[in-house]
Amino acid sequence: VGHCHADIVKAAHEQNQLLNTNSRYLHDNLVDYAERLSKTLPEKLCIFYFLNSGSEANDLALRLARQYTKHEDVIVLDHAYHGHLTSLIDISPYKFRNLEGQKEWVHVAPVPDTYRGLYREDHEDSVTAYANEVKNIIEQAHKKGRKIAAFFVESLPSVGGQIIPPAGYFQKVAEHVHKAGGIFIADEIQVGFGRVGKHFWAFQLQGEDFIPDIVTMGKPIGNGHPIACVATTKEIAEAFAATGVEYFNTFGGNPVSCAIGLAVLDVIEKEHLQAHATEVGNFLMELLKEQKIKHPIIGNVRGSGLFIGVDLIK
């Protein structure tokens, strides 16, 4: 919502003057914030865990998936980046290729990129073709006696090149993953919170009939203040709680962080920032398309709202 936004600064300052404590001590801000967030998400995503960073959120999502499914393996997209913890470097091809390489429990699917990828705009059914790549990975894993815990994906792959997956791809992938006993995790850390303009969450670009099993969010939700969140279903949360080892995060969801989170939602609403993302994004895309006509080095201009990619070619 912008650098040092006055409303955010005020919310942090006012709450700091009253009480800032760890979240062992319950505070209304946490409940109020969870309720406000729940209104932006599909109904079944009704359990919230608060943390300090997107990396913590993705690490917890991984733990939830494994506890719920009792499986270990994870499918990710090529070039993906999901965070800097050891567990997340392991599922980030963007990182692990330069470090210790691919673990046997990690499977890499091709990015559903219809411009540069395996199946392009001229393909008769790129959605099914890309989803079948995931299906094949699952079948190969099963032959080796391995089981899939999750398909872990950024709703719009960012480090992978600002990719807009074709609509319907997530639905087909989720079908294959659920059939294999796994769950679908949507990483919205960089692309959620109205950035795509048309919708509040980027996964909603896939269509109203698509709902992930877990959604992770990070940096934008506190306008840079350290707060993050994992939203999931009752079933997944109950399986996680059944271990008897409760999840606790000292400062995840403390009163100041939640006051800031609430203020961010207020500003997005009050300043119509979602509509603003659409408007400014469309304006920028139009200008970039004009440049594309002039310059053959610009191969492709793509995006949604203020998530935009320009593909330069030889």
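Structural data are supplied above this passage.
Analysis parameters
Residues numbered from 1 in each chain as written. Predicted model: local features only at pLDDT ≥ 70, side-chain atom pairs only at ≥ 80, totals over all residues. Heavy atoms only, no water. Helix = DSSP H or I, 4+ residues; strand = E, 2+ residues; numbered from the N terminus. Rg over C-alpha atoms; globule rule 2.2 N^0.38 Å. Contact = heavy atoms within 4.5 Å. Lys, Arg positive; Asp, Glu negative; His and termini not counted. Charge placed at Lys NZ, Arg CZ, Asp CG, Glu CD. Buried < 20%, exposed > 50% of the residue type's maximum accessible area, 1.4 Å probe, protein only. Phe/Tyr/Trp six-rings, centres within 6.5 Å; stacked < 30°, edge-to-face > 60°. Lys NZ or Arg CZ within 6 Å of the ring centre and 35° of its normal. Pairing = 2+ DSSP bridges. Axes fitted to C-alpha atoms, helices over the stretch in contact; angles between N-to-C directions. Core = buried A, V, L, I, M, F, W, Y, C linked by side-chain atoms within 4.5 Å.

### Re the overall build of the chain
Move 1: What the chain contains, in helices and strands, is ten helices and nine strands.
Move 2: At 20 Å, the chain has a C-alpha radius of gyration in line with the 20 Å of a compact globule built from 314 residues.
Move 3: Along the three orthogonal principal directions, the C-alpha set of the chain runs to about 60 × 55 × 40 Å.
Move 4: Considering only contacts in the chain between residues 6 or more positions apart, those separated by 24 or more positions represent 72%.
Move 5: The chain carries 30 positive and 38 negative side-chain charges, and their two centres are separated by 5 Å.

### Side note on unusual backbone geometry
Move 1: One non-glycine residue with positive phi stands out, namely Cys4, at about 50°.
Move 2: Looking at where Cys4 falls in the secondary structure, it is placed in the segment before α1 (6–18).
Move 3: A residue is classified by how much of its surface remains accessible, and Cys4, at 54% relative accessible area, is exposed.
Move 4: The residue Lys70 is not glycine, and still its phi comes out positive at about 65°.
Move 5: Mapped onto the elements, Lys70 comes out in the loop between α3 (54–69) and β2 (73–77).

### As for the packing of aromatic side chains
Move 1: As enumerated under the stated definition, the model contains 14 aromatic pairs in all.
Move 2: Geometrically, the ring pair formed by Tyr49 and Tyr247 is edge-to-face, given 5.8 Å between the ring centres and 90° between the ring planes. In this pair, Tyr49 sits in strand β1 (residues 47–51) while Tyr247 sits in the loop between α8 (234–241) and α9 (255–270), placing the two residues 198 residues apart along the sequence.
Move 3: Taking the centre distance of 6.3 Å and the plane angle of 75° together, the rings of Phe203 and Phe210 count as edge-to-face. Phe210 matches Phe203 in its accessibility class, with the two residues each being buried.
Move 4: Geometry around Phe248 places Arg24 over its ring, the cationic atom sitting 3.8 Å from the centre.
Move 5: The cationic tip of Arg66 hangs over the ring face of Trp105; the distance from NZ or CZ to the ring centre is 4.4 Å.

### Quick look at the sheet that holds strand β6 (residues 214–217)
Move 1: If you trace the seven strands from one edge of the open sheet to the other, you get β1-β7-β6-β5-β4-β2-β3, paired in mixed fashion. Sheet topology places β1 and β3 (106–109) at the edges, where each strand pairs with a single neighbour. Going from strand to strand, the sheet's axes swing by 20° on average, the running direction of each strand aside.
Move 2: Examined bridge by bridge, β2 and β3 share four bridges and lie parallel to one another. Following the sheet pairing, Val74 is matched in β3 by Val106.
Move 3: Contacts from helix α6 (residues 126–143) reach β2, β3 and β4 (148–154), with the element oriented near 155° to β3.

### Quick notes on the pairing of β6
Move 1: Taking every second residue as pointing to the same face, both faces of β6 are buried, with Ile214 and Thr216 on one and Val215 and Met217 on the other.
Move 2: As judged from the three bridges shared by strand β5 (residues 183–187) and β6, these two strands associate in the parallel manner. Within the sheet, the bridge partner assigned to Ile185 lies in β6 and is Ile214.
Move 3: Examined bridge by bridge, β6 and strand β7 (residues 228–232) share four bridges and lie antiparallel to one another.

### Quick word on the nonpolar core
Across soluble globular proteins, nonpolar side chains have a tendency to be buried as a group.
Move 1: Within the largest apolar cluster, 53 residues are counted, with the highest numbers of intra-cluster contacts made by Tyr33, Phe151, Tyr169, Phe193 and Met217.
Move 2: In terms of residue count, the dominant contributor to this core is α9 (nine residues).
Move 3: When neighbours within four sequence positions are excluded, Phe151 is seen to be in contact with Ile75, Leu77, Val134, Tyr169, Val173, Val177, Ile183, Phe184 and Ile185.

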